[in-house]
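Below, each chain spelled out in residue letters.
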Amino acid sequence: MSIVTIRNVEFLNNPARFSDPYHFRVTFECIAPLPEDLEWRLIYVSSPGNEELDQELDDCLVGPVPVGVNAFDFEGSAPNPSKIPPEDVLGVAALILTGSYKDQEFVRVGYYQNTEYDNEEMKEALPEPIRFDRLVRDINSKPRVTRFQIKWDITPQQRTGQAIGAATSAAVPSANDLDMEDEPSANGEDKSS
């Protein structure tokens, strides 16, 4: 069981120029207080076959982390163009956000990033050398999430004599309590109209 679950990653500047920093907000839920920091890292992968070319764009520590929904803004620098092979600059690359606790990676969120020129002329007749000042990036909004089991050394707090969440849950009405006149019909129209 994971103590931390990512709820959302929102890119605040997408699409953007290739040389712009990455700005995003990470929202996560924690079901037990964490006295140690969570470490978050942003990695740019230009050449999937060569891990030595991966660039760690930035990292940050968040903590101690209280129980509940938490969020933070993260800014990572753009990749260093001189470390990207020319044949891997344009097209698809990967952007990976990792989360770790006590040097144990518990989540990896990967995004595809497409890099291209900002105008049709340059897209059709690629300039030599590459004009990094004219490149734009677009990050796909559908991530690939991989979770890893780790040793958290923490157990979620449980209340004695009461189910977890019962104190804050709203009463759930029974079918007998529902006013059938306000229910929409199967075709989505309101029966009361």
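Residues numbered from 1 in each chain as written. Predicted model: local features only at pLDDT ≥ 70, side-chain atom pairs only at ≥ 80, totals over all residues. Heavy atoms only, no water.

Draft legend 1. View of the packing of aromatic side chains. Overall, the coordinates contain 12 aromatic pairs when judged by the stated rule. When the ring of Trp-40 is compared with that of Phe-106, the centres are 6.0 Å apart and the planes differ by 80°; the resulting orientation is edge-to-face. Taken together, the positions of Trp-40 in strand β4 (residues 38-45) and Phe-106 in strand β8 (residues 104-117) put the pair 66 residues apart, joining distant regions of the chain. Accessibility expressed as a relative area gives 0% for Trp-40, which makes it buried. With relative accessibility at 2%, the residue Phe-106 sits in the buried group. An aromatic cluster is defined as three or more aromatic residues linked by ring pairs; in this entry it consists of Phe-11, Phe-24, Phe-28, Trp-40, Phe-72, Phe-74, Tyr-101, Phe-106, Tyr-111 and Trp-152. A cation sits over an aromatic face here: Arg-137 above Tyr-22, 3.8 Å from the ring centre. (Phe/Tyr/Trp six-rings, centres within 6.5 Å; stacked < 30°, edge-to-face > 60°. Helix = DSSP H or I, 4+ residues; strand = E, 2+ residues; numbered from the N terminus. Buried < 20%, exposed > 50% of the residue type's maximum accessible area, 1.4 Å probe, protein only. Lys NZ or Arg CZ within 6 Å of the ring centre and 35° of its normal.)

Draft legend 2. Layout of the sheet that holds strand β6 (residues 68-76). Strand order across the open sheet formed by 3 strands is β1-β3-β6, with antiparallel pairing between neighbours. Pairing within the sheet leaves two strands with one partner each, and these edge strands are β1 (4-11) and β6. The sheet shows a mean angle of 20° between the axes of neighbouring strands, direction not considered. (Pairing = 2+ DSSP bridges. Axes fitted to C-alpha atoms, helices over the stretch in contact; angles between N-to-C directions.)

Draft legend 3. Main features of the pattern of salt bridges. Taken as a whole and judged by the stated rule, the model has 12 salt bridges. Its salt-bridge partner being Arg-7, residue Glu-29 comes within 2.7 Å of it at the nearest N-O pair. Taken together, the positions of Glu-29 in strand β3 (residues 22-30) and Arg-7 in strand β1 put the pair 22 residues apart, joining distant regions of the chain. The partner of Arg-108 in a salt bridge is Glu-105, with the nearest N and O atoms 2.8 Å apart. A residue is classified by how much of its surface remains accessible, and Arg-108, at 32% relative accessible area, is partly exposed. Linked by salt bridges that have partners in common, Glu-10, Arg-25 and Asp-73 make up one network. (Salt bridge = Lys/Arg side-chain N within 4 Å of Asp/Glu carboxyl O.)

Draft legend 4. Focus on unusual backbone geometry. Following Asn-14, the chain continues to Pro-15 via a peptide bond in cis, the omega torsion being -5°. Within the fold, Pro-15 resides in the loop between β1 and β2 (16-17). Here Glu-128 and Pro-129 are connected by a cis peptide whose omega angle stands at -10°. Along the polypeptide, Pro-129 turns up in the loop between α1 (120-124) and β9 (135-139).

Treat this as a map of the structure, not an account of what it does.
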